[in-house]
Amino acid sequence: MTNAAQSNDLKNLVPILISESLSKDITKACAHIFPLQNVYVRKVKMVKRPKFDITKLLEMYKNVPTETASKTEDTGAQNLLTQELQEPQE
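Values in this document were obtained by computation on a predicted structure and should not be read as measured data.

For the protein, the count of helices and strands is six helices and zero strands. The order of α-helices and β-strands along the protein, N terminus first, is α-α-α-α-α-α. The buried share among the 90 residues of the protein stands at 7%. Carbon and sulfur atoms form 55% of the exposed surface of the protein, whose accessible area is close to 9,100 Å².

Quick look at unusual backbone geometry now. With phi around 55°, Asn38 is a residue other than glycine that occupies positive phi space. Within the secondary structure, Asn38 is located in the loop between α3 (21-30) and α4 (54-60).

So, on to a nonpolar patch on the surface. Where nonpolar side chains cluster on the molecular surface, the patch consists of Phe52, Ile54, Leu57, Leu58, Met60 and Tyr61 and spans about 620 Å² of accessible area. Position of Tyr61 relative to the elements: it lies in the loop between α4 and α5 (66-70). With a relative accessible area of 51%, Tyr61 lands in the exposed category.

About the criteria used
Residues numbered from 1 in each chain as written. Predicted model: local features only at pLDDT ≥ 70, side-chain atom pairs only at ≥ 80, totals over all residues. Heavy atoms only, no water. Helix = DSSP H or I, 4+ residues; strand = E, 2+ residues; numbered from the N terminus. Buried < 20%, exposed > 50% of the residue type's maximum accessible area, 1.4 Å probe, protein only. Areas by Shrake-Rupley, 256 points an atom, 1.4 Å probe, with all protein chains shown as cover. Patch = residues over 30% accessible without salt bridge, like charges linked within 9 Å, V, L, I, M, F, W, Y side chains within 5 Å. Salt bridge = Lys/Arg side-chain N within 4 Å of Asp/Glu carboxyl O.

See below:
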């Protein structure tokens, strides 16, 4: 696990942890000591804080469209709200 964490950055490490390939490697490595079954990665603790590089952060999120971040209301809710405002009150 340590080798996988040190050789990859965070963006590449998350899919490795989610997939079962790391669990299979742990099972194979421990097979000569004790046969393990149902090995899963449940929790990951960060021991050392990584160096923060703003250029890598911006590079990761440069393809995210800004329209999806700004849309917070559902169109159905907007239509319902405008319909209620346009109805005459008696």
